[in-house]
Amino acid sequence: MGLVPTMGSLHEGHISLVEKSTSQNGITAVSIFVNPTQFNEKQDFESYPRNLDDDLDILARFPVDIVFAPPAKEIYPKPDTRVFDFGGLDRIMEGEHRPGHFNGVAQVVSRFFEIITPDRAYFGEKDFQQMVIIRKMVLDLKSSVRIIGCPIIREENGLAMSSRNRLLSAGERNSAARIHKALTLAKEKAGEVEIPRLIEQTIQFLHEDPRLKTEYFEIIDDQNLKPLSHWSSAGGKRACIAVKIGNVRLIDNMDFSF
Ligand code: PAF
């Protein structure tokens, strides 16, 4: 059985996970649950888009066997007080800007694994840090679930697909395309321009559009997520970014290995 965990408001990124799961498993389950414990801001939890009827219509077009859309009480019959140790993987980037976020993700994903008992679970690489942290959680819990990472799906203008894109106005959506452009331009200079300078240039490029406010832009080791300060040809590298446009916070990343 394959599990595709989602928070709903399904888009083509989710569909690519569903298709991967249906191609690799006899049974595919999709969970739809906006998990309160992974939101560190009440306002963000409340404004997170919810479209269960549309989601069910979309899933009906695919050979999905189970849709699990539980009430919060089923996932958390009592408050979940578990604290996970991610060995520092959660202290940078998303973890630094969203304290407690990954603990909440681990709580809900581990509950899904207990309840649904999948063999494989599918996660998008758009949430790269989340994927690495879930792999660590699975190792620590000695869980047998195989974590399958799936590539980022982009809109025509390069914007990474995300449920949060629905919260953008048409103008903001245009501005958001600059994030992918910035990553692409930076990648062309990977290995050539020194990392601190490249980070500075990339942020400068982003801020030429006054709608964009960069929260972080890091070039990291893709195994231990440690920020890199100089280039070396060894090891995988990834550029990770979070940008705010109005009240909407978007993340993206790109493989910078060479
Ligand atoms: O990536 C997401 O949509 C969520 O973090 C997840 C994995 C479904 C847990 O709520």
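First things first, this report covers the structure right here in the doc. None of these values were measured; they are calculated from a predicted model.

1. Overview of the sheet that holds strand E6 (residues 212–221)
Reading across from one edge, E6-E7-E8 is the order of the three strands in this open sheet, with antiparallel pairing throughout. Edge strands, defined here as strands with exactly one partner in the open sheet, are E6 and strand E8 (248–255). Adjacent strand axes in the sheet meet at a mean angle of 15 degrees when their direction is disregarded. Pairing of strand E7 (residues 237–245) with E8, which is carried by eight bridges, proceeds in the antiparallel orientation. If you follow Val243 over to E8, its bridge partner there is Leu250.

2. Observations regarding the layout of surface pockets
In this structure, the second largest pocket occupies an estimated 160 Å³ of space. Every residue lining the second largest pocket is counted, 13 residues in all, and those nearest its centre are Ile32, Phe33, Val34, Arg50 and Leu52.

3. Notes on empty space enclosed by the protein
Inspection of every chain in the model, using the stated rule, returns one cavity of 30 Å³ or more. Taken as a whole, the largest cavity spans an internal volume of roughly 40 Å³. Considering the residues around the largest cavity, the lining is formed by Lys126, Leu159, Ala160, Ser162, Asn165, Ile179, Leu250, Ile251 and Asp252. Of all the elements, E8 adds the most residues to the lining of the largest cavity, at three residues. The class makeup of the residues in the lining of the largest cavity is five nonpolar, two polar and two charged.

4. Focus on a nonpolar patch on the surface
A surface patch of nonpolar side chains, amounting to about 210 Å² of accessible area, comprises Leu52, Leu56 and Val67. Positionally, Val67 belongs in strand E3 (residues 66–68).

5. Overview of the site of the ligand
Looking at the ligand, the residues that line it are Pro5, Thr6, Met7, Asn35, Gln38, Val108, Phe123, Asp127 and Gln130. Contacts to the ligand include Gln130, whose side-chain N or O atom sits 2.7 Å from an oxygen atom. When the free accessible area of the ligand is taken as 280 Å², the share hidden by the protein chains comes to 90%. Residue composition of the shell around the ligand, by class: four nonpolar, four polar and one charged.

6. Points about the environment of Gly149
Relative to the elements of secondary structure, Gly149 occurs in strand E5 (residues 146–150). Residue classification places Gly149 among the partly exposed residues on the basis of a relative accessible area of 23%. Once the C-alpha coordinates of Gly149 and Met131 are considered, the two residues, 18 residues apart in sequence, prove to be 7.1 Å apart. What Gly149 contacts, discounting residues up to four positions off in sequence, is Phe123, Met131 and Arg135.

7. Some remarks on the packing of helix H8 (residues 170–188) against helix H9 (residues 195–207)
Packing of H8 against H9 leaves a shortest axis separation of 10 Å and a crossing angle of 150 degrees. On the basis of their axis angle, the class for H8 and H9 is roughly antiparallel. Between H8 and H9 the crossing geometry is right-handed. Each of Arg178, Ile179, Lys181, Ala182, Leu185 and Ala186 in H8 lies in contact with H9, whose residues at this interface are Leu198, Thr202, Phe205 and Leu206. A per-class count over the contact of H8 with H9 returns seven nonpolar, one polar and two charged.

8. Quick look at the sheet that holds strand E4 (residues 120–124)
What the five strands build is an open sheet, ordered E3-E2-E1-E4-E5; its pairing is parallel. Looking along the sheet, the strands with just one partner apiece sit at the ends: E3 and E5. Mean inter-strand twist for the sheet, computed between neighbouring axes without regard to direction, equals 25 degrees. Across five bridges, the pairing between strand E1 (residues 2–6) and strand E2 (residues 28–32) is parallel. In the strand pairing of E2, Gly2 is matched with Thr28. Helix H1 (residues 12–24) rests against E1, E2, E4 and E5 of the sheet, and its axis sits at about 155 degrees to E4. Strand contacts of helix H6 (residues 101–116): E1, E2, E3, E4 and E5, with the helix running at about 145 degrees to E1, the strand carrying the most contacts.

9. So, unusual backbone geometry
Working note: non-glycine residues mostly have negative phi, and peptide bonds are mostly trans. Despite not being glycine, Ser9 shows a phi value in the positive range, around 50 degrees. Positionally, Ser9 belongs in the loop between E1 and H1.

10. A word on the nonpolar core
Core analysis: the largest hydrophobic core is formed by 35 residues, its most contacted members being Phe86, Val109, Phe112, Phe113, Met137 and Ile147. Elements supplying a minimum of two residues to this core: H6, E4, helix H7 (128–140), E6 and E7. Among the elements that take part in this core, H6 stands out by supplying eight residues, more than any other. Those residues in contact with Phe86, other than ones at most four positions away along the chain, are Phe102, Asn103, Ala106, Ile133, Lys136 and Met137. Counting 26 residues, the second largest nonpolar core, distinct from the first, contains Leu168, Leu183, Ala190 and Leu212.

Conventions we followed
- Residues numbered from 1 in each chain as written.
- Predicted model: local features only at pLDDT ≥ 70, side-chain atom pairs only at ≥ 80, totals over all residues.
- Heavy atoms only, no water.
- Pairing = 2+ DSSP bridges.
- Helix = DSSP H or I, 4+ residues; strand = E, 2+ residues; numbered from the N terminus.
- Axes fitted to C-alpha atoms, helices over the stretch in contact; angles between N-to-C directions.
- 1 Å grid on protein atoms, 1.4 Å probe; cavity = no way out; pocket = protein on both sides within 12 Å on 5 of 7 lines; lining within 4 Å.
- Points joined across faces, edges and corners; volume = space filled by probe spheres on them.
- Nonpolar A, V, L, I, M, F, W, Y, C, P; charged D, E, K, R; others polar.
- Patch = residues over 30% accessible without salt bridge, like charges linked within 9 Å, V, L, I, M, F, W, Y side chains within 5 Å.
- Areas by Shrake-Rupley, 256 points an atom, 1.4 Å probe, with all protein chains shown as cover.
- Salt bridge = Lys/Arg side-chain N within 4 Å of Asp/Glu carboxyl O.
- Near = heavy atom within 4 Å.
- Polar contact = N/O pair within 3.5 Å; in protein donor to acceptor, adjacent residues only side chain to side chain.
- Buried < 20%, exposed > 50% of the residue type's maximum accessible area, 1.4 Å probe, protein only.
- Contact = heavy atoms within 4.5 Å.
- Parallel < 35°, antiparallel > 145°, perpendicular 65-115°, else oblique.
- Left-handed = near helix turned anticlockwise from the far one by under 90°.
- Core = buried A, V, L, I, M, F, W, Y, C linked by side-chain atoms within 4.5 Å.

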